[in-house]
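A look at the structure
Residues per chain are reported as follows:
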Amino acid sequence: MPQSPALPASHTEPDGSATVRVLSYNIRSMRDDTDALARVIGACAPDLVLLQEAPRFFRWRKKLARLAAASGQVILSGGGTAAGPALLCSLRATVERTEDVLLPLTPGLHRRGFATAVVRFGRARVGVLSCHLSLQKDERYEQSGLLLDRLAGLGTEHAIAGGDLNERPDGPAFRRMAKDLQDCWATAPWGGEHTSTPGVPHQRIDALFATPGVEVLGCGVPLGLPGVRESDLRAATDHLPVLAALRLPAA
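This section reports on the structure supplied with the text. (Residues numbered from 1 in each chain as written. Predicted model: local features only at pLDDT ≥ 70, side-chain atom pairs only at ≥ 80, totals over all residues. Heavy atoms only, no water.)

1. Comments concerning the packing of aromatic side chains
With the rule as written, the count across this model stands at one aromatic pair. For the cation-ring pair, Arg176 lies above Tyr141, with the distance from its terminal atom to the ring centre recorded as 4.3 Å. (Phe/Tyr/Trp six-rings, centres within 6.5 Å; stacked < 30°, edge-to-face > 60°. Lys NZ or Arg CZ within 6 Å of the ring centre and 35° of its normal.)

2. Some details on the side chain of Asp183
Counting through the fold element by element, Asp183 comes out in strand β10 (residues 182-183). The exposure class assigned to Asp183 is buried, which follows from its relative accessible area of 9%. Once residues within four sequence positions are removed from consideration, Asp183 is found in contact with Phe174, Ala178, Arg204, Leu208 and Phe209. (Helix = DSSP H or I, 4+ residues; strand = E, 2+ residues; numbered from the N terminus. Buried < 20%, exposed > 50% of the residue type's maximum accessible area, 1.4 Å probe, protein only. Contact = heavy atoms within 4.5 Å.)

3. Side note on the state of the cysteines
In this structure the tally under the stated criterion is zero disulfides. Left without a disulfide partner, Cys44 is nearest to the cysteine sulfur of Cys219, which lies 11 Å away. (Disulfide = S-S within 2.5 Å.)

4. Describing the sheet that holds β10
Hydrogen bonds between backbone atoms are what pair the strands of a sheet, whose relative direction is either parallel or antiparallel. The strand order across the open sheet built from six strands is β6-β7-β8-β9-β11-β10, with neighbouring strands paired in mixed fashion. Among the strands making up the open sheet, the edge pair consists of β6 (94-102) and β10. In terms of strand pairing, strand β8 (residues 124-132) meets strand β9 (residues 159-164) through six bridges, oriented parallel. Within β9, the residue paired with Ser130 across the bridge is Gly162. (Pairing = 2+ DSSP bridges.)

5. What about a positive patch on the surface?
On the surface, a cluster of positive charge is contributed by Arg59, Lys62, Lys63 and Arg66. Tracing the sequence through the fold places Arg66 in helix α2 (residues 60-70). (Patch = residues over 30% accessible without salt bridge, like charges linked within 9 Å, V, L, I, M, F, W, Y side chains within 5 Å. Areas by Shrake-Rupley, 256 points an atom, 1.4 Å probe, with all protein chains shown as cover. Salt bridge = Lys/Arg side-chain N within 4 Å of Asp/Glu carboxyl O. Lys, Arg positive; Asp, Glu negative; His and termini not counted. Charge placed at Lys NZ, Arg CZ, Asp CG, Glu CD.)

6. Quick notes on empty space enclosed by the protein
Unfilled space is identified by rolling a water-sized probe across the atoms. On inspection of all chains with the given rule, the structure shows one cavity of 30 Å³ or more. Of the pockets and cavities examined, the largest cavity occupies roughly 40 Å³. Looking at the largest cavity, the residues that line it are Trp185, Gly192, Glu193, Thr195, Arg204, Asp206, Ala207, Leu208, Cys219, Gly220, Val221 and Val242. The greatest single-element share of the lining of the largest cavity, amounting to three residues, is contributed by strand β11 (residues 206-210). Partitioned by chemical class, the residues of the lining of the largest cavity number six nonpolar, three polar and three charged. (1 Å grid on protein atoms, 1.4 Å probe; cavity = no way out; pocket = protein on both sides within 12 Å on 5 of 7 lines; lining within 4 Å. Points joined across faces, edges and corners; volume = space filled by probe spheres on them. Nonpolar A, V, L, I, M, F, W, Y, C, P; charged D, E, K, R; others polar.)

Spelled out as structure tokens, the structure:
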């Protein structure tokens, strides 16, 4: 696996601004190698983890808590109460509030939702949202608009959103989000681009976005990052993760 260049480590500046690492990852309900999954998350050293397809049925809270503990995180929000999306965070984060949001249900399709939170790092305050958009084109486009509305409604100057969009960058929902937000990979590409599938990556359907005031220092699949092994990426789940380093201005 080729080595990725160094990605900035998390730190807080004297002026209260903060550099944070944010990871987005579809974990397929933890049906695969959960030890490999925890190793990947831990090696990325994230401050925020935006999960999709977190456990949401029998004993889902216990499963999510075990993953958080094994990867050096704590549960922030989501899981079964958000129909799959979830948020984890490191102890570096100060949590202001969280909210799980269920989206309108289309008969015959899966229930979808958002896991959201407002957190602080030093004097930097940021809204966060994890999503897993619909497989159905029209519903997916509608959900992208609901995501932008929800992000704006968090009441923070700066915000981060990410997840499994079930759509490539040339799709209407992806383009709608990238019009108002920074597509972090396109802004500062780092590591690998394609997130699906781990065996033969050929498409980018998972992404991280940030509001314009956030500085994107690098974003992509953490291929070759120290501690992230190719065998673990293949065994952990059916998506590759997206990792970004972001500089958040002080409030």
